[in-house]
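Breakdown of the fold
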Amino acid sequence: MNRVSLIAGNWKMYKTVPEAVATAAQLKEAVKDISGREIVIAPPFISLHPVSQVIKGSNINLCSQDVFWEEEGAFTGQISPGMLLSAGCTYTLIGHSERRQYFGETNETVNKKTKKSIDQGLKVIVCIGEALEEREAGKTFSVLEIQISEGLKGLTPVHMDSVVIAYEPVWAIGTGKTATAAQAEQAHQFIRGKLKEQFDTGVAEKIRILYGGSVKPDNIDQLMAEKNIDGVLVGGASLKVDSFSRIVKFT
Ligand code: PEP
């Protein structure tokens, strides 16, 4: 199965609005000749609309870092899928480990956000991954299994056309410790196998599974050489145009 590679940059809580606009403009220029792979950036909420104006008509897609599961209402501080679409997003991240760790995200809220976002017309990048203690206790696969079964519960194969999974071992995020390409490939194979059980072979073969965790220009080529790694979700190295564009241009 030929899956289009996807390279996503999560800017986390970095960059003011003018900085985000300037970075997006530089990135647009740096990657303008790239085709045949999907490029996604996730700036902070406040910069989504201004950045959308900069990248309009380019090969860069816009993504939010979170979303809420209601369409509108008295939910102070929350942003709905429809609002994100109106700001120019085509994607949202859901269930990033920092949301799980600091903001009470659970598999149940991941599930609600995923369903609502897809029903409203967004594509989703659902993040899963084990913590260091879980890996050391030999629980990596059982944690991934629960995150998949609960996070994607009740979705149909049609919903799954709008889902990308990001496998991000928590111990590798922002720590400089990358899973080896072999460790990542093993987890990706497991995830694809679980998706086959929960849905069907078609879903499992079509879905893109990204790796995330200290991806840098010097490890991207090795990671992308693995059969089940269909792209990457990049934090720190996505903040600078030279490192992110090198990652986008993996060989
Ligand atoms: C992330 O934010 O999803 C991430 C993987 O961060 P980093 O690349 O900095 O480890």
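Residues numbered from 1 in each chain as written. Predicted model: local features only at pLDDT ≥ 70, side-chain atom pairs only at ≥ 80, totals over all residues. Heavy atoms only, no water.

**Considering the overall build of the chain**
Heads up, the rule is: A helix here means a DSSP run of H or I that spans at least four residues, while a strand means a run of E at least two residues long, and both kinds are numbered starting from the N terminus. The reference for a compact globule is 2.2 Å times residues^0.38; the radius of gyration itself is calculated from the C-alpha atoms. Residue exposure (1.4 Å probe, protein chains only): buried if accessible area is under 20% of the type maximum, exposed if over 50%, otherwise partly exposed. We call two residues in contact when some of their heavy atoms are within 4.5 Å. Charge convention: Lys and Arg are scored as positive, Asp and Glu as negative, and His as well as the terminal groups of each chain are ignored. Charged groups are reduced to one reference atom each: NZ for lysine, CZ for arginine, CG for aspartic acid, CD for glutamic acid.
A tally of regular secondary structure across the chain gives 12 helices and eight strands. Here the C-alpha atoms of the chain give a radius of gyration of 17 Å, agreeing with the 18 Å that 2.2 N^0.38 yields for 251 residues. Taking all 251 residues of the chain together, the buried fraction comes to 52%. Within the chain, residue pairs in contact and separated by at least 24 positions form 72% of the contacts whose partners lie at least 6 positions apart. The positive charge centre, built from 28 side chains, and the negative charge centre, built from 29, are 3 Å apart in the chain.

**Points about the site of the ligand**
As a reminder, the rule being used: Whether a residue is near a molecule or strand depends on its heavy atoms: if one lies within 4 Å, it is near. Between N or O atoms, a polar contact is any pair within 3.5 Å; within protein, one atom must be a potential hydrogen donor and the other a potential acceptor, and residues adjacent in sequence are included only when both atoms are from side chains. Only the protein chains shown count as cover for residues, with accessible areas throughout obtained via the Shrake-Rupley method and a probe of 1.4 Å. Residue type decides the class: Asp, Glu, Lys and Arg count as charged, Ala, Val, Leu, Ile, Met, Phe, Trp, Tyr, Cys and Pro as nonpolar, and the leftover types, Gly among them, as polar.
Not every one of the 14 residues close to the ligand is listed here, only the nearest: Lys 12, Glu 168, Gly 174, Ser 214 and Gly 235. A distance of 3.2 Å separates an oxygen atom of the ligand from a polar side-chain atom of Asn 10. Contact distances for the ligand include 2.6 Å between an oxygen atom and a backbone N or O atom of Gly 174. Out of a free accessible area of 290 Å², the ligand has 97% covered by protein chains. Class assignment for the residues of the shell around the ligand results in four nonpolar, eight polar and two charged.

**Observations concerning the packing of helix α5 (residues 107–120) against helix α7 (residues 140–151)**
Stated precisely, the cut-off is as follows: Fitted lines through C-alpha atoms serve as axes, helices being fitted only where they are in contact, and the angles separating the N-to-C directions of these axes extend from 0 to 180 degrees. Should an angle fall under 35 degrees it is taken as roughly parallel, and over 145 as roughly antiparallel, whereas 65 to 115 is taken as roughly perpendicular and any remaining angle as oblique. In this scheme the crossing of two helices becomes right-handed for a clockwise turn of the near helix relative to the far one and left-handed for an anticlockwise turn of less than a right angle.
Interhelical geometry of α5 versus α7 gives an angle of 40° and a closest axis separation of 8 Å. On the basis of the axis angle, α5 is oblique to α7. Here α5 and α7 pass one another in a crossing that is right-handed. Contacts between α5 and α7 involve Asn 107, Val 110, Asn 111 and Thr 114 from the former and Ile 146, Gln 147, Glu 150 and Gly 151 from the latter.

**Here we look at the pairing of strand β8 (residues 231–234)**
Short version of the rule: When DSSP finds two or more bridges between two strands, those strands count as paired.
Alternating positions in β8 separate into two faces, Gly 231 and Leu 233 on one and Val 232 and Val 234 on the other, with burial throughout. In terms of strand pairing, strand β1 (residues 6–10) meets β8 through four bridges, oriented parallel. Opposite Ala 8, over in β8, you have Leu 233 as the bridge partner. Note: strand β7 (residues 208–212) against β8, three bridges, orientation parallel.

**As for the packing of aromatic side chains**
Stated formally: In this scheme Phe, Tyr and Trp rings, the latter by its six-membered ring, pair at centre separations within 6.5 Å, and the angle between planes marks the pair as stacked below 30 degrees, edge-to-face above 60, and tilted otherwise.
By the definition in use, this model includes five aromatic pairs. Arranged with centres 5.1 Å apart and planes meeting at 50°, the rings of Phe 68 and Phe 75 form a pair that is tilted. For Phe 68, a relative accessible area of 9% translates into the label buried. On the numbers, 6.4 Å between centres and 55° between planes, the contact of Tyr 167 with Tyr 211 is tilted. In this pair, Tyr 167 is assigned in strand β6 (residues 163–167) and Tyr 211 in strand β7, connecting sequence segments 44 residues apart.

**Concerning the pairing of strand β3 (residues 60–64)**
Quick note on the threshold: The crossover handedness rule: strands pointing away from the viewer, path from first strand over the helix to second strand clockwise, crossover right-handed.
The buried fraction of β3 amounts to four of the five residues, a majority that puts the element mostly inside the structure. With three bridges joining them, strand β2 (residues 38–42) and β3 adopt parallel strand pairing. Residue Ile 41 lies in a different strand from β3, and its bridge partner there is Leu 62. Crossover connection from β2 via helix α2 (residues 45–55) to parallel β3: handedness right-handed. For β3 and strand β4 (residues 91–94), the ladder comprises two bridges, and the chain directions are parallel. By the bridge assignment, Cys 63 is partnered in β4 with Tyr 91. Crossover β3 to β4 through helix α3 (residues 81–86) is right-handed.

**Here's the deal with α7**
Formally: Multiplying 1.5 Å by the residue count of a helix minus one yields the expected span of that helix.
In this model α7 runs 16 Å from its N-terminal to its C-terminal C-alpha over 12 residues, within 8% of the 16 Å that 1.5 Å per residue would give. Elements that come into contact with the buried residues of α7 comprise α4 (97–102), α5, β5 (123–128), α6 (132–136), β6 and α9 (181–198).

**Re the side chain of Asn 107**
As for its placement among the helices and strands, Asn 107 is situated in helix α5. Since its relative accessible area comes to 13%, Asn 107 is described here as buried. Within the local environment of Asn 107, its side chain forms a polar contact with the side chain of Arg 100, the two groups lying 2.7 Å apart.

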